[in-house]
Structures are given as structure tokens and as C-alpha cells.
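# Structure at a glance
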Amino acid sequence: MIRLEHVSKEFFSKGKSVPAVKDVNLEIKKGEIFGIIGFSGAGKSTLVRCINLLEVPGSGKVFINQEEITGLSTRELRKHRKKIGMIFQQFNLFASRTVFQNVEFPLQGSGLSKKERREKVEHLLKLVGLEEKAGVYPSNLSGGQKQRVAIARALANDPEILLSDESTSALDPKTTKSILELLKKLNRELGITIVVITHEMQVIKDICDRVAVMTDGRVVEYGDVFDIFSNPRQQITREFVESTSNCSRIYDLLEDKEIIHLNPGEAILRFRYLERNVSEALVSQLSRNFHLDINIIFGNVELIGSNPIGGLVSIVQGKAEDMDSAIAYLKEKNVGVEVILDGRTVK
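Residues numbered from 1 in each chain as written. Predicted model: local features only at pLDDT ≥ 70, side-chain atom pairs only at ≥ 80, totals over all residues. Heavy atoms only, no water.

A few words now on the packing of aromatic side chains. Counted according to the given criterion, the structure contains four aromatic pairs. Note on Phe39 and Phe240: the rings are 4.4 Å apart at their centroids and 25° apart in plane angle, and the pair reads as stacked. Taken as a pair, Phe39 in the loop between strand E3 (33–37) and helix H1 (44–51) and Phe240 in helix H9 (residues 235–242) lie far apart in primary sequence, 201 residues in all. A relative accessible area of 40% places Phe39 in the partly exposed class. Over the ring of Phe63 we find Arg3; its NZ or CZ atom is 4.0 Å from the centre of that ring. Positioned above the aromatic ring of Phe94, the side-chain terminus of Arg97 is 5.0 Å from the ring centre. (Phe/Tyr/Trp six-rings, centres within 6.5 Å; stacked < 30°, edge-to-face > 60°. Helix = DSSP H or I, 4+ residues; strand = E, 2+ residues; numbered from the N terminus. Buried < 20%, exposed > 50% of the residue type's maximum accessible area, 1.4 Å probe, protein only. Lys NZ or Arg CZ within 6 Å of the ring centre and 35° of its normal.)

Positive phi, close to 50°, is recorded for His6, a residue that is not glycine. Here Phe91, not a glycine, exhibits a phi torsion of approximately 75°, which is positive. Classification of Phe91 by relative accessible area gives buried; the value is 11%.

As a further point, take the sheet that holds strand E10 (residues 218–224). Taking strand neighbours across the sheet as the criterion, the six strands line up as E6-E7-E8-E3-E9-E10 in an open arrangement whose pairing is mixed. Bordering the open sheet on either side are strand E6 (84–88) and E10, each of which pairs with just one other strand. Ignoring strand direction, the axes of neighbouring strands in this sheet form an average angle of 15°. For E3 and strand E8 (residues 193–198), the ladder comprises five bridges, and the chain directions are parallel. (Pairing = 2+ DSSP bridges. Axes fitted to C-alpha atoms, helices over the stretch in contact; angles between N-to-C directions.)

With that settled, the discussion passes to the packing of helix H12 (residues 282–290) against helix H13 (residues 320–332). How two helices pack is summed up by the angle between their axes together with the distance between the axes. Orientation of H12 relative to H13, taken along the N-to-C sense of each, is 140°, at an axis distance of 10 Å. When the axes of H12 and H13 are compared, the pair comes out oblique. Read as a crossing pair, H12 and H13 show a hand that is right-handed. Of the residues in H13, those in contact with Leu282, Gln285, Leu286 and Phe290 of H12 are Asp322, Ser325, Ala326, Tyr329 and Leu330. Across the contact of H12 with H13, the residue classes break down as six nonpolar, two polar and one charged. (Parallel < 35°, antiparallel > 145°, perpendicular 65-115°, else oblique. Left-handed = near helix turned anticlockwise from the far one by under 90°. Contact = heavy atoms within 4.5 Å. Nonpolar A, V, L, I, M, F, W, Y, C, P; charged D, E, K, R; others polar.)

The final tally for this structure, using the stated rule, is 11 salt bridges. Among the salt bridges present, the one from Lys44 reaches Glu166, with a minimum N-O distance of 3.8 Å. Of this pair, Lys44 sits in helix H1 while Glu166 sits in the loop between strand E7 (161–165) and helix H6 (173–190), and the two are 122 residues apart along the sequence. The class of Glu166 is buried, set by a relative accessible area of 10%. Taken together, the shared-partner salt bridges connect Lys9, Arg49 and Glu55 into one network. (Salt bridge = Lys/Arg side-chain N within 4 Å of Asp/Glu carboxyl O.)

Glancing now at the pairing of strand E9 (residues 210–215). Along E9, five of the six residues are buried, which leaves the element largely enclosed by surrounding structure. By the bridge criterion, four bridges tie E3 to E9 in an arrangement that is parallel. Directly across from Ile36, in E9, lies its bridge partner Ala212. Relative to E10, E9 runs antiparallel, the two sharing six bridges. Pairing of Thr215 across the sheet is with Arg218, part of E10. Counting the residues between successive antiparallel strands, the hairpin from E9 to E10 contains two residues, one of them, Asp216, with a positive phi of roughly 55°.

So, in C-alpha cells, the structure goes:
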């Protein structure tokens, strides 16, 4: 659906070149929800604006449905842009227009009759759950309602692609969840391809099929969300994954020496296990087969898409050789094991 080939973009400030996107290659499939994640300044917003050429790449090519749009004339590009909707963090609604008028605005000059425009706007407002707010002005709406208006407006020209640039960053967690559910509904019912720009891994985990991780203008890792979560290869990716894991709290506790105290023969171990291991009684097996006492500090199992992934942080006590055997056993079963703190040498 979308293909970027060696796309780069730089800006100029005080006569100096400031690279924002550096030699990015990406393919986004038709009908998927694709995430692009990175910290502030990573270049992700500039990259997504290159998809609809709101920012023209300094070099490289952008293809939509196998057609290169970087080579189109202004008139041809305007026609293509109608098939690419976009929503933003700050909603960008017209304060002086009602909800109905905001959604209707992109239909001006569409050739539709007044009746056809009204029917279409009413359908879109029903789709986003705001049919009763048609005559209300944006100032009387909540943040989540404003974003729903912005989504309905972005859908007015029946786009094949929807670009979401930090569209939930200004919303509270509950409202964010409702907007993400709406985007999943639109993807499912309309078959629309959605590109999500965010700095929150929770958003990626909740909604995306695949993800690209950006830092310093480059895509450093990308693939299926489950694969990225289960086996992050880059340090920045590990940081994002850790930000959503309850098990990562152990590192905060370790800073307080009074809370975590190891006795001789104890160690703090962290286990990371995937789909095939989640349903196994690993703790019981370790305790029974390797004569270990295991005290679970943190644990969680969650779904990435429809696939479970889990982890445990435990204080484990036993003989050093039994613990080494248990770790070897877990690795044979493809369970990730990290020795966070080793007290087996404590006297």
C-alpha cells in the first residue's frame, strides 16, 4: 500500500542543515495498522508527513498503490491527497463551525448535492458515535469528542489511508483507549490502512500489527509487534518495551537497598516467556525438579494481538549448581533468563 525508498528529509536553520529523516526504507501493507514509534525529535512526524508529501523528501521515493507520488504534478498530487486522511494531536477543528460543519468542510467542491453531503456527514457522525452532537461547537466538547470529530472529518473523502500523528497524546488513558478502539473498528469495518505515530509503546501494543522504531532520523528496527516485544534487538527498543512492563519495576526497587535484601544462596532472576510457555507450570517445575524455593515479586501475562507473552521476577534460593541447571533448562525451553542480582556468593 505504501512504500518508502531511501527517503531523506532535512531542514535548514540559520544556514545550517538539520537532518530529520535519514535514508528510510519501509513497506506498509494494505489494510494493516502500522506503528512508527520514537522519542521526541526522532523524525517520526516528519516521516509520516512525507507519506502524503506535506513534507517533500529531499531525496528518495514515495509509492502509494505502486504509483510513485513524489513525481506527480501539484494537481495530480492534490487528487491523491484526498485518499489520505490525517488526524493530529491538537484536533485542528474550526472553532467557529459546528461539529456538522467541521465534518462537512472537506466535501466542499466535491460535486455532491446538499442532501448527499448531509447524509454523508450524518453517517460519519454515527460511525464515530457523535450523531447527537451535530449542532454543537468544539468548545463544548471533551478532548475525546473533539478527536472523534477530527476522525470523522478525515474520513469525509473516503480515504484509503489514515495517518494518525500522536492523535491520543493529549488524552487521558480512558479516552485514549476509546479512540484506539474506534481506530480498530474503522480498520476492521472500512478496511482502511492506518499509520500510527506515537511515543507510547502501550499504543503500539494495543492497536498495531507491525511497528517501526525510529531514533535520530533512522528506522533501527521493524517487524511484527509480537516479535519486537518478545525479542527487542536495539537498546532503544528495549527501553520502549520496558516502559510497558510491570516487571521492570524491579530496577527501581534495587536502588533502595533497604527494600531488596538477599540472603546467602539467593538470586533475583527475571524470566521472559512466550506463547508456548505461558500455559506451562514453570515455577512448579523449577521448584520440584531443581529443589529451589521461588518467591515471585512481580509477574504479568498480556496479549500482543492474540498472542500471550509473559514475565516473572523472582527471588530464587537453592544450591548454586541447582540454580545453574534450572537456568540451563529454561533456556532450552526458549525462556529468556536474566540474573538481575546474584547473592549466591554472599557470605
